[in-house]
Amino acid sequence: MDIGMEDVGVAVCQELWNKVTLKAMELCGETRDMVLEKGFFQEFSRSISELRVLLQALNVEKVEAAMDTRLTKTALETLDCLLKTACNIIKDYKSRSFLSGLFQQQSVISQMKSLAEEIAKTISSWQLVNLNIAFNLKSKTEQLINSLSSLEFHSAVATESLASEIQKFMNENGRNRRNAMKLLKKIGDTVGVSSNASMVQNELMLLKKEKEEMEAQKKQAEAFELSQLMQFLYSTELVMSPRDEEIAAYHKQYPTESFRCPLSREMMGDPVAIICGHSFERKAIEEHFRRGEKTCPICRERLTSMELTQNLSLRSSIEEWKQRDMDLKFQAALPGITSDDQSIQNRAMEVLQVLLERPCYAQRVGEEGLIPKFVEMLKNNQLNRIAALKCLSYLAKYCDNHKEAIIEAGAVRCIVRQFYKGEAEPDGVAVLLELSAREDLAEKIGNVRDCIPVLVSLLNYSNLDVSQKARKVLENLSYNTHFVVKMAEAGHFQQFVACFNQGPQETRVSMAAALIQMELKGNSIRDLEDKTFIHNLVQMLSSSSPACISAGLKFIKKLVAFRRMVKRLLADPATVPPLLGLISIVKTDPHWKQEAAAILALLVEGHQPTEHQMYQGLQELQSQHNINLFLKLIVSSDSKTKIQILHLLVALGNKFDMARDLIRTDNEGISYLFLSLEGDEPLVKLLAMKLIYCISEGHPSGVPLPPSPAKEAAINSLAYILTYSVNVEERSTAAGIISQLPNDDIVIDEILCKSEVLKAIRGVICNLDEESFGSRAMDNSGTSLLENALAALLRYTEPDKPELYRQVGKLELYPSLVRILSRGSSLAKQRTATALAHLSRSISVSISDSTGKQALPLQNVLKFFSSVNCCSSGMAECVDMCSVHGDACSSRDTFCLIKADALKPLVQNLSEKESGVAEAALMAIETLLTDHSTLPCAIAAIEESQGVVAILQVLEKGDLPSKSRALDLFLKMQEHKRMNGQLADRAERILVQLLQDDDLRKKAALVLKQMGILPEQSSYF
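In this text the structure is predicted, and so the values were computed from the model without any measurement.

J.: Mind laying out the nonpolar core, listing which residues take part and the relevant values?
T.: Ranked by size, the top nonpolar core spans 183 residues in total, and within it Phe 496, Leu 528, Phe 533, Phe 630, Leu 793, Phe 970 and Leu 991 carry the most contacts. Considering each element in turn, this core owes the most residues, 9 residues, to helix H37 (residues 682–696). In contact with Phe 533, other than residues within four places in its own chain, are Phe 496, Val 497, Phe 500, Asn 501, Leu 528, Phe 555 and Leu 559. Counting residues in hydrophobic clusters, the runner-up holds 61 residues, among them Met 349, Leu 370, Ala 388 and Leu 474.

As structure tokens, then:
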């Protein structure tokens, strides 16, 4: 068949036409199932579908006729190329991962838009409008060209926002699993798939492939972006990260089971092989052999030798495995520290707190700049702060070049805050210890608020490790005097003492000045008892610097408030001389004299009486020279100095007999003391009286009065003070001095008789009696006033002073005295009982004389004691007859223990344990037994008041003087009436025990003989 060239050209064009039609169909299929930017691709797909329909409707011959064969072929080839390019772009785009697609969609759609415009231009070149075709085809062709030319891309807001979020997550190097999962879910929702591990695994596979292609094409930026997308997917933790996979693969390559001892099942550290070839941990196999085993634990072969050979190869493998394992764990943990996911951070810290024990890892962490992250973790209660502290402690220990970064990050503040809350961890103190080893860093640590007080509080912490490390930190800070003072303010003086001892004078002055402002507590100043410290402190008083002397005086005065410090100061022979020097030097600053005298007084008051022989300074103080010096100073000094010197003399007088005797013999000083009683300086007057009382109390000669007429003036001054002073302490001291006035001085008795002293005593007793037994409790000063007033009253009740005794009868004192027996202090009871004994003895002797001798009728006795009140003192006249004296004491002018209801309180006082009370009560009760004619009645009255039981109690538990007087009383009672029954048995048992006492043996034997228990020929006599 003859075929021309024209037919061949048509056939070629027809083949191209068919090929273009099929490519258009393929492109429609590829674009139809796009998941991203469906709107654009659906519109593009419709346009290509219309192109396919148009191509099927047109005839290639008609097109060729309108254009010619060459042009038609060229147009079809161009259209085929454009459709093929579009199809490849779509296929490539669809083969990518969803994540990559999100970031490539802009580029893809831009390419597709350009291709659509080229396709429209190619179709328009066919000049189909000139063809003789149906009008509707022409219209569709024009619409297709317009559609392809004007195809627009409008990216969905949700897609753009999602891509932006992913980009932000990657830029922040994010590892927060929670945020990563949220983004993954959005991606899944966008592309219409489930956001699970399978999806992540598939995405990672595609991304990895794309990354390799980019790297092969040297497109590093694109490869890096793909790496970031992969890291984002790994942060979801739905699949293992490459590092985890590497670790797992490494563990699979080197199974740890082969490194474990078959016996202990623990990783071997010192593997040894036995003769059969099997390896074990040395200690485990040795223990196996010690138990008597002779076979291999694995193969059970009987061993011919127990020799152990070190398996160096296995040991090397184990060590290599451990190092590689640690390296892998370290690399895997580092990213977790910067994660926003707290669970990831905690897992990372748990790993690092173990690894950082090795300096190499600590250095690498420091170089990574992760220190601020660890410090930040200390502030978060949701994180493992203990692990963070552990990591910081290793960083501080091994990374000297990063120590400052730890402080700058705020670690010290965080640690101190934890300590303040009671969360003291050893690693926290360890961080401070390592940092404080450098002086420049110690400065910053010490200046952190509350750091030093908190460290001091940790010294007594229950955890010994914490307390020991805290002490070392304080030692590191002690180079700075300011820090040492802050330690002392917090109650820790060890560094203070060391710094003070080593420092120059200027440093000591400043430290002493600082300590003066502190509040010291007894249990916190043991360190200040250091001998060297005490000596250096005392040496400050000998300095030529006024500031040094002043600071030293104030410092020492503060310390002597504590008895332990008194002993330490007195133990140093250098303490007292400089203080005496400051007092004796005429030109010394008066304030220094006052401080020195005050310190000496406190030293004297603070020591125990048995210790004065131990201290040279105390012996020096009570020398005649110094006592005379002090007495002269109270004459010549200003008021404030005078007060301090008097205080010192009172302290010396209270402590030392020698000092008291020396003061008494200084007539000029004594005269000035009494002259001070007339002055207008209240404190000087009071201290002068205290000194007089001090040197008079208990002395056989009593008060050392000046010669007349100063003596009379002195007594009148005392009487005036007791009567009219409003100061309770002044009145009390005056009463005490009056009680100590010499007994054998008629002049004194006459002055007292004429004065208002007795009325003043009566006022004190009655007023304080009402106060004590009323609604208000008596204070110490009131008690002392009452006791001294009772002591002064004793001078008026002496039987050999009838002139003074008569005055007592004029006062209604007896009811108050009886009440004092029941409710007063022990000393008040003793003195009251003594006064009643004096009163009762005088009356009993008079009544006995009048009834026994008839030489002095009763009316004459009553006339002699015309001023003595009756038993009830001021109450209605007694109508009942006295059970002891009958009507002999019925007159209201007669005093009687029975009628005054004093016997029962006196008996009760026999149980008083304070020395002297029971003896005085016994003395008063004994006055009832002076008249033989009334003895039976008196004994009956004593028995009725439970006196016998009380006397036996004294014999059993009382002191020696009380027991002696009780035996005298018991003997008198036994002479007239023998006891029987249980009471007699008890008396016998007690008296037999007293036979063992050398001082009481004879008296006890006499009573037992009186009771018929011991014969007269007994050896006890």
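J.: Any details on helix H31 (residues 590–606)? Residues and values, ideally.
T.: Look at H31: 24 Å from first C-alpha to last across 17 residues, which is about the 24 Å you get at 1.5 Å a residue. A side-chain oxygen of the first residue of H31 lies 2.9 Å from the backbone nitrogen of His 591; this N-cap is Asp 589.

J.: Could you give an account of the sheet that holds strand S3 (residues 309–310), naming the residues involved and the relevant values?
T.: Across the sheet, which stays open at both edges, the 3 strands sit in the order S2-S1-S3 with antiparallel pairing between neighbours. Of all strands in the sheet, those bounded by a partner on one side alone are strand S2 (279–281) and S3. Relative to S2, strand S1 (residues 271–273) runs antiparallel, the two being bridged by 3 bridges. Considered in S2, the bridge of Ala 273 is made with Ser 279. Across the face of the sheet, helix H13 (residues 312–337) comes into contact with S1, S2 and S3 while running at roughly 155 degrees to S1.

J.: A description of the pattern of salt bridges should follow, citing residues and the corresponding values.
T.: One pass over the structure, following the stated rule, counts 30 salt bridges. Residue Arg 986 is joined to Glu 956 by a salt bridge in which the shortest nitrogen-to-oxygen separation is 3.2 Å. Of the two residues, Arg 986 sits in helix H52 (residues 981–994) while Glu 956 sits in helix H50 (residues 947–957), which places them 30 residues apart along the sequence. Overall, the relative accessible area of 22% leaves Arg 986 in the partly exposed class. One salt bridge connects Arg 1001 with Asp 998, and the closest N-O pair in it is separated by 2.6 Å. We classify Arg 1001 as partly exposed; its relative accessible area is 26%. Judged by its relative accessible area of 59%, Asp 998 is exposed. If you follow the salt bridges from partner to partner, you end up with Asp 270, Arg 282, Arg 315 and Glu 319 in one network.

J.: Give me the lowdown on unusual backbone geometry, citing residues and values where you can.
T.: Look at the link from Ser 708 to Pro 709: it is a cis peptide, with omega at 0 degrees. Relative to the helices and strands, Pro 709 resides in the loop between H37 and helix H38 (710–724). Non-glycine residue Arg 300 carries a positive phi angle of around 65 degrees. Residue Arg 300 is classed as exposed on the basis of its relative accessible area, which comes to 58%. Here Asp 901, not a glycine, exhibits a phi torsion of approximately 60 degrees, which is positive. Looking at where Asp 901 falls in the secondary structure, it is placed in the loop between helix H46 (858–864) and helix H47 (903–908).

J.: I'd like a description of a positive patch on the surface, backed by residues and values.
T.: Together, Lys 379, Arg 413, Arg 417 and Lys 421 make up a region of like positive charge exposed at the surface. One can find Lys 421 in the loop between helix H19 (411–420) and helix H20 (426–436). Take Lys 421: its relative accessible area is 58%, and that puts it in the exposed class.

J.: Residues and numbers for the environment of Val 1007, please.
T.: For Val 1007, the location among the structural elements is in helix H53 (residues 1001–1010). Here Val 1007 falls in the buried class, since its relative accessible area comes to 0%. A C-alpha to C-alpha distance of 8.9 Å links Val 1007 and Glu 975, two positions 32 residues apart in sequence. Other than its neighbours up to four places away in sequence, Val 1007 contacts Leu 967, Phe 970, Leu 971, Gln 974 and Leu 991.

J.: So what's going on with the packing of aromatic side chains? Which residues, and what values?
T.: Tallied over the entire structure, the rule returns 10 aromatic pairs. Plain terms: the ring middles of Phe 496 and Phe 500 are 6.4 Å apart, the flat faces sit at 15 degrees to each other, and that makes the pair stacked. Of this pair, Phe 496 and Phe 500 both sit in helix H25 (residues 494–502), 4 residues apart, roughly one helical turn. Taking relative accessible area as the criterion, Phe 496 reaches 0% and is therefore assigned buried. Grouping aromatic residues by their ring pairs yields a cluster made of Phe 493, Phe 496, Phe 500, Phe 533 and Phe 555. Its end group placed over the ring of Phe 500, Arg 508 keeps NZ or CZ at 5.6 Å from the ring centre.

J.: Before we move on, could you go through the packing of helix H36 (residues 667–676) against H37 and cite the residues and values that matter?
T.: At a minimum axis distance of 8 Å, the contact between H36 and H37 shows a crossing angle of 135 degrees. Between H36 and H37, the angle falls in the class oblique. Read as a crossing pair, H36 and H37 show a hand that is left-handed. Two secondary-structure elements touch here, H36 through Ile 670, Leu 673, Phe 674 and Ser 676 and H37 through Val 684, Lys 685, Ala 688, Leu 691, Ile 692 and Ile 695. Its residues assigned to classes, the contact of H36 with H37 shows 8 nonpolar, 1 polar and 1 charged.

What counts, and where the lines are drawn
- Residues numbered from 1 in each chain as written.
- Predicted model: local features only at pLDDT ≥ 70, side-chain atom pairs only at ≥ 80, totals over all residues.
- Heavy atoms only, no water.
- Core = buried A, V, L, I, M, F, W, Y, C linked by side-chain atoms within 4.5 Å.
- Buried < 20%, exposed > 50% of the residue type's maximum accessible area, 1.4 Å probe, protein only.
- Helix = DSSP H or I, 4+ residues; strand = E, 2+ residues; numbered from the N terminus.
- Contact = heavy atoms within 4.5 Å.
- Expected span 1.5 Å × (residues − 1).
- Polar contact = N/O pair within 3.5 Å; in protein donor to acceptor, adjacent residues only side chain to side chain.
- Pairing = 2+ DSSP bridges.
- Axes fitted to C-alpha atoms, helices over the stretch in contact; angles between N-to-C directions.
- Salt bridge = Lys/Arg side-chain N within 4 Å of Asp/Glu carboxyl O.
- Patch = residues over 30% accessible without salt bridge, like charges linked within 9 Å, V, L, I, M, F, W, Y side chains within 5 Å.
- Areas by Shrake-Rupley, 256 points an atom, 1.4 Å probe, with all protein chains shown as cover.
- Lys, Arg positive; Asp, Glu negative; His and termini not counted.
- Charge placed at Lys NZ, Arg CZ, Asp CG, Glu CD.
- Phe/Tyr/Trp six-rings, centres within 6.5 Å; stacked < 30°, edge-to-face > 60°.
- Lys NZ or Arg CZ within 6 Å of the ring centre and 35° of its normal.
- Parallel < 35°, antiparallel > 145°, perpendicular 65-115°, else oblique.
- Left-handed = near helix turned anticlockwise from the far one by under 90°.
- Nonpolar A, V, L, I, M, F, W, Y, C, P; charged D, E, K, R; others polar.

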